Amino acid sequence: MENLIKKYDLAPHPEGGYFKEIYRSSQVVQSGIASETRNTVTHIYFLLVKGQVSRFHRVIHDEIWNFYEGAPIKLIQFDTTKIKEDTLGPGCKEYVGIVPGNTWQAAATTGQYSLMGCTVAPGFDFTDFSFLKDDPDELERFRAMQSEYTHFL
C-alpha cells in the first residue's frame, strides 16, 4: 500500500485511511443546508488498508463513493432508524455507493486494501463534517440499535 500512498501523494485522513483531494470546482453555489457558498463539487482519492476503518462520520451534502481497485469495501450507513451495509467492488452487485447528506457513514476494506474515489456536491468543507462519537444524542441511538459496529466509532 505504500506504493499507492506515494503514487497518489496521500495523507492521513481524520476519519481513518488516507486521502488526497484531486478536484475542487472553481465554481461556487449557495448551499441551503450550510447557508454559505460551497464549491460546486469536490473529489478525493480515499484509501483504506487492512486494520483501518473510516470512522462513523457525516457530511451535510450527498457523497458518492466509487470503487477503483483492491478488495471490496463495506460501506455502512446509519440514519437514526436503521443501519444499512453495502459491499462495493469486484464480485459485488455495485461499484458505486450513494450516501445522502447528513447520513452517518463508515467503511472498511474486506481485504488488504481498497482504493476509492469520493465525490461530494456541493463540495466538501471540513466545517460540514462531524463524527458520530461527538454527537451524544445520535450516539445513544446508535448504541441502542447496534453493538456490532462500535469499532467504527
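Predicted, not measured: the structure shown is a model, and the values here were computed from it.

Bridge analysis of strand β8 (residues 73–78) against strand β9 (residues 83–88) gives six bridges, and the strand direction is antiparallel. Among the inter-strand pairings, F78 is bridged to a residue of β9, identified as I83. The hairpin turn running from β8 into β9, its antiparallel successor, is four residues long, and T80 in that turn takes a positive phi close to 75°.

Residue position: H57 is located in strand β6 (residues 54–59). The buried category is assigned to H57, whose relative accessible area is 1%. Within the local environment of H57, its side chain forms a polar contact with the side chain of E15, the two groups lying 3.3 Å apart. Within the local environment of H57, its side chain forms a polar contact with the backbone oxygen of R55, the two atoms lying 2.7 Å apart. Contacts of H57, omitting those with residues within four sequence positions, involve E15, T103, W104, Q105, F129, S130, F131 and L132.

A few words on the sheet that holds β9. The five strands are arranged β9-β8-β11-β6-β13 in an open sheet whose pairing can be described as antiparallel. Because the sheet does not close on itself, it has two edges, and the strands there are β9 and β13 (129–131). Taking the axes of each pair of neighbouring strands and ignoring which way they run, one obtains an average angle of 30° across the sheet. Sheet analysis places β6 next to β13, joined by three bridges and oriented antiparallel. Along β13, the bridge assignment pairs V59 with F129.

Next up on the list: the pattern of salt bridges. In total, this model carries nine salt bridges according to the counting rule given. As a salt-bridge pair, D135 and R58 come within 3.5 Å of each other at their nearest N and O atoms. Separated by 77 residues along the polypeptide, D135 in the loop between β13 and α2 (136–145) and R58 in strand β6 bring together distant segments of the chain. Ionic pairing is found between K82 and D79, a salt bridge with its closest N-O pair at 3.0 Å. On the accessibility criterion, K82 (47% relative accessible area) is partly exposed. It is possible to trace a salt-bridge network through shared partners that takes in E36, R38 and D128.

Calculation notes
- Residues numbered from 1 in each chain as written.
- Predicted model: local features only at pLDDT ≥ 70, side-chain atom pairs only at ≥ 80, totals over all residues.
- Heavy atoms only, no water.
- Pairing = 2+ DSSP bridges.
- Helix = DSSP H or I, 4+ residues; strand = E, 2+ residues; numbered from the N terminus.
- Buried < 20%, exposed > 50% of the residue type's maximum accessible area, 1.4 Å probe, protein only.
- Polar contact = N/O pair within 3.5 Å; in protein donor to acceptor, adjacent residues only side chain to side chain.
- Contact = heavy atoms within 4.5 Å.
- Axes fitted to C-alpha atoms, helices over the stretch in contact; angles between N-to-C directions.
- Salt bridge = Lys/Arg side-chain N within 4 Å of Asp/Glu carboxyl O.

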